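# Examination of the molecular architecture
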Amino acid sequence: MKILAVETSCDDTAVALLDGTDLLAEEIRHQDVHSAHGGVVPELASRNHLETLPSVIGDVFAKAGVPNFPGTIDVYAATAGPGLVGSLLVGLSWAKAAAWSSGKPFLGINHLAAHLFLHYGKPVKFPAAALLASGGHTCLLRMDSWERITMLGCTRDDAAGESFDKTAKLLGLGYPGGAALDALAERGDPSAVHLPSPLHDPSLPEFSFSGLKTAARIALEKGADPADLAASFRLRVVDSLVSKFLHQCREIGAASMVAAGGVTANSLLRNRLSRASALLGIPLFLPDVEHSTDNALMVGRAAAAVLDSDPSARSSLQCNAFSRWTGSGLSPLCCH
Ligand code: KG4
Ligand code: ZN
């Protein structure tokens, strides 16, 4: 079962070719045009996807050594949302057109579910507790199976990645600055600058990061050392993510810990989660750094999961792009 998966929800043009859940080849092209603007410019992102996608697809076929003609691919999948609508439309329209012209099924995939489904095909045991921390979302979830995933709570304001990016911008680290702040934090003393721990009750499955970002700005204005500030900020965010995640692991009686989303590239978060997993004796499913941030492998695995539970599943060609998703049950297929 060859799946061609496309991800264009924000500023990465990503394509993956899978055989079931196995990756044959993939390509992730990050858009650099936005760094000069200090944030993603939606119209530039859409135009850039439109220019880049054909060559990314060509590269993936070449890498996989698979001929690029109708008939090779069994299923086309693309992210339908949440994300930037103009960007989503590029990948979505391409996948629909390819499916339509070759008479093959098309699947419209939920981006949030896709982050978790990167781990589909691995020996995840249920019930599992999941932490999804990205640039747009920060949530805790309960997974009773791959078919039953329930939201426990999300951030009330900024997502964790967004707070990293905004604080990195204050520190002059460019955009997106999460990784740069992480690197700077390695040289700082996390106890040198005092920052608050918002919503710090671990039993509350909700987050708040906007006050922390404001406190970081005030500390910087008062002359805090940038590396110390970065270290303190990183520690506060990671403490909040880890303490609430571990509380839910205990509440649920989790047999696995599942982590996903761009912020799981953070080195302190990775250390903390690995240590907790070893201490609790609960296996941890953590993406490799490259697949923490947006990629198309996760979209392909989400599509593989949909087809495993219903081989005749397909989305309507009327499947539309959407910018936001709110709901209590998360599943990979967002348009039927
Ligand atoms: O999952 P993702 O690629 O996109 C969304 O779905 O939002 O996540 C991107 C986010 C950005 O905010 C980026 O700064 C953050 O992940 N990020 C990091 C690190 N690497 C990427 N945040 C903290 N530390 C990192 N090392
Ligand atoms: Zn994402």
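Remember, predicted model here, so these are calculated numbers, not experimental data. (Residues numbered from 1 in each chain as written. Chains lettered and ligands numbered in written order. Predicted model: local features only at pLDDT ≥ 70, side-chain atom pairs only at ≥ 80, totals over all residues. Heavy atoms only, no water.)

## Brief notes about the side chain of Ser 46
With respect to the helices and strands, Ser 46 occurs in helix α1 (residues 42–64). With sequence-adjacent residues up to four places away left out, Ser 46 is seen in contact with Gly 86, Ser 87 and Val 90. (Helix = DSSP H or I, 4+ residues; strand = E, 2+ residues; numbered from the N terminus. Contact = heavy atoms within 4.5 Å.)

## A few points about the sheet that holds strand β7 (residues 138–143)
The strand order across the open sheet built from five strands is β8-β7-β6-β9-β10, with neighbouring strands paired in mixed fashion. What marks the edges here is a single partner per strand, and that holds for β8 (149–154) and β10 (284–285). One ladder, built from two bridges, connects strand β9 (residues 256–260) with β10; its direction is parallel. In the sheet register, Val 258 faces β10, and the bridge partner there is Phe 285. Each of β9 and β10 touches helix α8 (residues 267–280); the most contacted strand, β9, lies at about 170° to it. (Pairing = 2+ DSSP bridges. Axes fitted to C-alpha atoms, helices over the stretch in contact; angles between N-to-C directions.)

## Things to note about the packing of helix α4 (residues 160–170) against helix α6 (residues 210–221)
It is the contact of α4 with α6, at a shortest axis distance of 10 Å, that shows an interaxial angle of 15°. For the element pair α4 / α6, the angle class is roughly parallel. Taken as a pair, α4 and α6 cross one another with a handedness that is right-handed. Here Lys 166, Thr 167 and Leu 170 of α4 come into contact with α6, specifically with Lys 213, Ala 216, Arg 217 and Leu 220. For the contact of α4 with α6, a count of residues per class yields three nonpolar, one polar and three charged. (Parallel < 35°, antiparallel > 145°, perpendicular 65-115°, else oblique. Left-handed = near helix turned anticlockwise from the far one by under 90°. Nonpolar A, V, L, I, M, F, W, Y, C, P; charged D, E, K, R; others polar.)

## Comments concerning the coordination of the zinc ion (ligand 2)
Of the protein atoms, only His 111 (NE2), His 115 (NE2) and Asp 294 (OD) coordinate the zinc ion (ligand 2), at distances of 2.0 to 2.1 Å. Relative to the metal, the four donor atoms surrounding the zinc ion (ligand 2) lie at angles of 98 to 131°, and the coordination shape comes out tetrahedral. Each donor residue of the zinc ion (ligand 2) belongs to the same chain, and together they define the spacing H-x3-H-x178-D. Taken together, the residues span a long stretch of sequence, with His 115 in helix α3 (residues 111–117) and Asp 294 in the loop between β10 and α9 (297–309) at a distance of 179 residues. Judged on exposure class, the residue His 115 and its partner Asp 294 are both buried. (Donors = N, O, S within 2.8 Å, 3.2 Å for Na, K, Ca; no water. Tetrahedral: all angles 85-135°; square planar, octahedral: opposite > 155°, others 65-115°. Buried < 20%, exposed > 50% of the residue type's maximum accessible area, 1.4 Å probe, protein only.)

## Comments concerning the nonpolar core
Leu 229, Phe 233, Val 237, Leu 241, Phe 245 and Met 257 are the most contacted members of the largest nonpolar core, which has 44 residues in total. Those elements giving two or more residues to this core turn out to be β6 (128–133), α4, α5 (178–185), α6, α7 (226–252), β9 and α8. Counting residues per element, this core draws most heavily on α7, at 14 residues. Non-local contacts of Leu 229, meaning those with residues more than four positions away in its chain, are made with Leu 171, Val 193, Leu 195, Ala 216, Ala 219, Leu 220 and Ala 224. Core analysis: the next-biggest nonpolar cluster, separate from the first, contains 42 residues, Leu 107, Val 124, Ala 130 and Trp 146 among them. (Core = buried A, V, L, I, M, F, W, Y, C linked by side-chain atoms within 4.5 Å.)

## Remarks on the sheet that holds strand β1 (residues 2–7)
The five strands lie next to each other as β3-β2-β1-β4-β5, forming an open sheet whose pairing is mixed. Pairing within the sheet leaves two strands with one partner each, and these edge strands are β3 (22–30) and β5 (106–110). Adjacent strand axes in the sheet meet at a mean angle of 20° when their direction is disregarded. Pairing of strand β4 (residues 75–81) with β5, which is carried by five bridges, proceeds in the parallel orientation. If you follow Gly 81 over to β5, its bridge partner there is Asn 110. Set on the sheet, α9 makes contact with β1, β2 (12–19), β3, β4 and β5; between it and β1 the angle comes to about 130°.

## Some points on the site of ligand 1
Close contacts around ligand 1 come from 19 residues, with Gly 135, Asp 165, Asp 182, Asn 266 and Asp 294 the closest. At 3.1 Å from an oxygen atom of ligand 1 is found a main-chain nitrogen or oxygen belonging to Gly 161. Contact distances for ligand 1 include 2.5 Å between an oxygen atom and a side-chain N or O atom of Asp 165. Per-class residue counts for the shell around ligand 1 are four nonpolar, twelve polar and three charged. (Near = heavy atom within 4 Å. Polar contact = N/O pair within 3.5 Å; in protein donor to acceptor, adjacent residues only side chain to side chain.)

## Quick look at the packing of aromatic side chains
Scanning all chains against the criterion turns up seven aromatic pairs. Centroid distance Tyr 120 to Trp 146: 5.4 Å. Interplanar angle 80°. Geometry classified as edge-to-face. Highlighted residues: Tyr 120 in the loop between α3 and β6 and Trp 146 in the loop between β7 and β8, separated in sequence by 26 residues. The same class applies to Tyr 120 and to Trp 146, which are both buried. (Phe/Tyr/Trp six-rings, centres within 6.5 Å; stacked < 30°, edge-to-face > 60°.)

## A look at the state of the cysteines
Linking two cysteines covalently via their sulfur atoms produces the bond known as a disulfide. Inspection of every chain in the model, using the stated rule, returns one disulfide. Covalently, Cys 139 is tied to Cys 154 through a disulfide, its sulfur atoms 2.4 Å apart. Handedness of the Cys 139-Cys 154 disulfide follows from its S-S torsion of about 100°: it is right-handed. With Cys 139 in strand β7 and Cys 154 in strand β8, this pair connects stretches of sequence that are 15 residues apart. A relative accessible area of 2% places Cys 139 in the buried class. Given the relative accessible area of 28%, Cys 154 is considered partly exposed. Cys 139 provides the cysteine sulfur closest to Cys 10, a residue in no disulfide bond, and the two sulfurs are 16 Å apart. Assessed through its relative accessible area of 23%, Cys 10 is described here as partly exposed. (Disulfide = S-S within 2.5 Å.)

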